[in-house]
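Geometric and topological summary
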Amino acid sequence: MEKIYDYTIKLLRYVLKGDVPDLPNDVDFEKLYEFGRSHGVENMLYVGLKDLKIDVPKDVFQKFYYSYLMSIKIDTLQTMELEKIGKAFEDAGIDYIPLKGSVVKYFYPMTNYRKSGDIDVLVRGENLESARAVAENMGYKFNYIYENHGVHYEFTKNTFFHLELHRKLVSDDDRSGVFLSKAWDYAKLKSGTSHTYEFDINFLYVHLIAHIAKHLCSGGAGLRLFCDIWIMQYKNMIDRNKVRMYLEEANLSEIEGYIIKLLDKWFLDKKVNDKVLNKLELFVLKGGSFGTVSQKINMASFGQTDREQFENKYWKKKFLSYFFEPLPYMKQKYPILVSHSWLLPIMWIYRLVKIPFTEMHMVSKHLKEYSMSKNSDMDDLSEIYRIVK
């Protein structure tokens with residue numbers, strides 16, 4: 001896979017920096033597509049392949065092309081949807097701050113280059129329930145309250161819209177929790193609005209570093225998150241002195257240092273002889289956007305006295321939650337549960353009967369992940385865990 005890793009980085013460098021790469025001729029383009037997709041950057045790889053006139057098998061090139069077209073469609077729909085959400089919050093008198101992808105995509109050459117699965121919005125804690133009511137009035141279905149990494153409410157509306165309403169950026173026990181809890185102190189009202197706020201660019205940068213650290217701690221962080229940081233560095237968007245001060249206060253100086261070293265290696269060809277950095281690089285590249293199952297288990301098991309027992313519990317919980325989904329998810333699949341939640345056990349049985357006919361591909365996927373996890377060596381990730389936790 002090293003050739004795939006190298007090919008991907010060189011194409012990203014071309015798209016984001018303009019460096020014309022020297023590319024090998026014997027790359028497996030199907031694997032390149034799957035790897036790019038796992039990191040949410042296959043649409044940018046398409047741009048590089050097209051511009052450089054790389055001879056890609058037609059069937060695989062069509063996959064890249066379709067991903068690129070879909071990125072345009074989803075970006076356009078998400079942009080329009082966030083405008084509607086913003087207007088609804090303005091009308092309701094609710095202060096809000098757009099987060100992550102909906103903000104950083106404007107730093108890219110084209111906004112659709114930066115794919116995003118969610119529309120993330122921060123609201124003041126006292127306005128969370130009011131914001132929820134606004135979202136539901138817009139047709140969003142409430143899924144659940146996400147307790148980890150800062151409480152947020154999660155909603156969906158049709159295929160393309162996945163909304164997360166945050167009342168804080170990270171959980172209280174996060175290493176950057178104290179600093180990021182002051183988010184509103186670093187936000188200013190957007191010109192021409194009454195309730196739409198924007199982060200100070202340096203605070204935004206530190207939040208993105210914290211977000212990468214959170215992803216790494218959970219098992220993996222995709223290349224697109226690292227591209228966000230590279231873009232901000234490359235375009236000299238931040239005040240380095242302020243960022244340094246903010247990073248120290250947020251306890252993120254060390255992990256930011258490693259991120260910058262990785263970016264220097266990938267985008268500037270800087271040679272770095274650092275065993276921890278090499279291990280972090282492989283961890284990032286292997287993991288995709290959310291990490292392999294082995295990486296997730298490995299990172300989650302730190303602090304456990306019996307890691308094998310922990311892994312067994314992990315898989316037991318995973319399979320039970322799949323076959324016996326929690327009520328909020330079951331309500332989406334079986335609307336009758338909205339008004340008759342007492343039918344949940346019956347609907348579980350009904351779903352179990354249907355699974356062999358409708359969801360065997362998902363069962364096979366989970367079994368494959370289980371087998372791969374049991375048969376893989378658990379790398380020593382203690383240094384990575386120490387840096388990001």
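Everything in this summary refers to the structure shown in the same document. No experiment lies behind these values; they were computed from the predicted model shown.

With that out of the way, let us pick up the overall build of the chain. Within the chain, the regular secondary structure consists of 19 helices and seven strands. For 389 residues, the compact-globule formula gives about 21 Å, and the C-alpha radius of gyration of the chain, at 22 Å, lands near that figure. Classification of the 389 residues of the chain by burial places 49% in the buried group. Put simply, 66% of the contacts in the chain that link residues at least 6 apart link residues at least 24 apart. Total accessible area on the chain stands at roughly 19600 Å², and carbon and sulfur atoms take up 54% of it.

Next up on the list: the packing of aromatic side chains. Under the counting rule described, the total for this entry stands at 22 aromatic pairs. Each ring, one from Y46 and one from Y68, has its centre 5.0 Å from the other, and the planes form 35°; the classification is tilted. Here Y68 lies in helix α4 (residues 58-92) and Y46 lies in helix α3 (residues 42-51), a separation of 22 residues in the sequence. A relative accessible area of 6% means that Y46 is categorised as buried. Judged by its relative accessible area of 14%, Y68 falls in the buried class.

Evaluated as defined, the whole model comprises 25 salt bridges. With a shortest N-O distance of 2.8 Å, R386 and E254 are connected by a salt bridge. Pair noted here: R386 is in helix α19 (residues 382-388) and E254 is in helix α11 (residues 253-268), with a separation of 132 residues, a long-range link. Between R386 and E383 there is a salt bridge, and its shortest N-O distance comes to 3.2 Å. Here E383 and R386 lie together in helix α19, a separation of three residues that amounts to about one turn. The class of R386 is partly exposed, set by a relative accessible area of 40%. Beyond isolated ion pairs, a larger network of salt bridges with shared partners links R13, K17, D19 and D269.

With six of eight residues buried, helix α13 (residues 293-300) lies mostly within the body of the structure. Of the positions making up α13, those classed as buried are V293, S294, Q295, I297, N298 and M299.

Of all five residues making up strand β2 (residues 119-123), five are buried, and the element is well covered by its neighbours. Burial of β2 is two-sided: the residues I119, V121 and V123 facing one way and the residues D120 and L122 facing the other way are all buried. Of the pairings in the sheet, the one linking strand β1 (residues 96-98) to β2 comprises three bridges and is antiparallel in character. Considered in β2, the bridge of Y96 is made with V123. As paired elements, β2 and strand β5 (residues 161-166) share four bridges and run parallel to each other.

Positive phi outside glycine occurs at N251, with the angle close to 60°. Checked against the element boundaries, N251 lands in the loop between α10 (240-249) and α11. Look at N251 and you get partly exposed, because its relative accessible area is 43%.

A few words now on the environment of S341. Turning to its location among the elements, S341 is positioned in the loop between α16 (336-339) and α17 (344-358). Using a relative accessible area of 39% as the deciding quantity, one classes S341 as partly exposed.

By size, the foremost hydrophobic cluster in this structure holds 89 residues, and its most contacted members are F199 and W266. Excluding its chain neighbours within four sequence positions, the residues that come into contact with F199 are I97, L99, L122, L169, A183, Y186, A187 and L204. In terms of nonpolar packing, the next biggest core, distinct from the first, is built from 19 residues, V123, A135, Y153 and L165 among them.

Now for the packing of helix α8 (residues 201-218) against α10. Where α8 contacts α10, the axes come no closer than 9 Å and their chain directions differ by 45°. The pairing of α8 with α10 is recorded here as oblique in orientation. At the point where α8 passes α10, the crossing takes the right-handed sense. For the pair formed by α8 and α10, the contact residues are N202, F203, Y205, V206 and I209 on the first element and R240, K242, V243, Y246 and L247 on the second.

For L337, the location among the structural elements is in helix α16. Along the backbone, L337 and L180 are 157 residues apart, and their C-alpha atoms lie at a distance of 38 Å.

With that settled, consider the packing of α11 against helix α12 (residues 275-287). Describing two packed helices takes the angle between their axes plus the distance from one axis to the other. Orientation of α11 relative to α12, taken along the N-to-C sense of each, is 75°, at an axis distance of 10 Å. By the criterion of interaxial angle, the relationship of α11 to α12 is roughly perpendicular. Contacts between α11 and α12 involve Y258, K261, L262, K265 and W266 on the former and, on the latter, V276, L277, N278, L280, E281, V284 and L285.

Rules behind the numbers
Residues numbered from 1 in each chain as written. Predicted model: local features only at pLDDT ≥ 70, side-chain atom pairs only at ≥ 80, totals over all residues. Heavy atoms only, no water. Helix = DSSP H or I, 4+ residues; strand = E, 2+ residues; numbered from the N terminus. Rg over C-alpha atoms; globule rule 2.2 N^0.38 Å. Buried < 20%, exposed > 50% of the residue type's maximum accessible area, 1.4 Å probe, protein only. Contact = heavy atoms within 4.5 Å. Areas by Shrake-Rupley, 256 points an atom, 1.4 Å probe, with all protein chains shown as cover. Phe/Tyr/Trp six-rings, centres within 6.5 Å; stacked < 30°, edge-to-face > 60°. Salt bridge = Lys/Arg side-chain N within 4 Å of Asp/Glu carboxyl O. Pairing = 2+ DSSP bridges. Core = buried A, V, L, I, M, F, W, Y, C linked by side-chain atoms within 4.5 Å. Axes fitted to C-alpha atoms, helices over the stretch in contact; angles between N-to-C directions. Parallel < 35°, antiparallel > 145°, perpendicular 65-115°, else oblique. Left-handed = near helix turned anticlockwise from the far one by under 90°.

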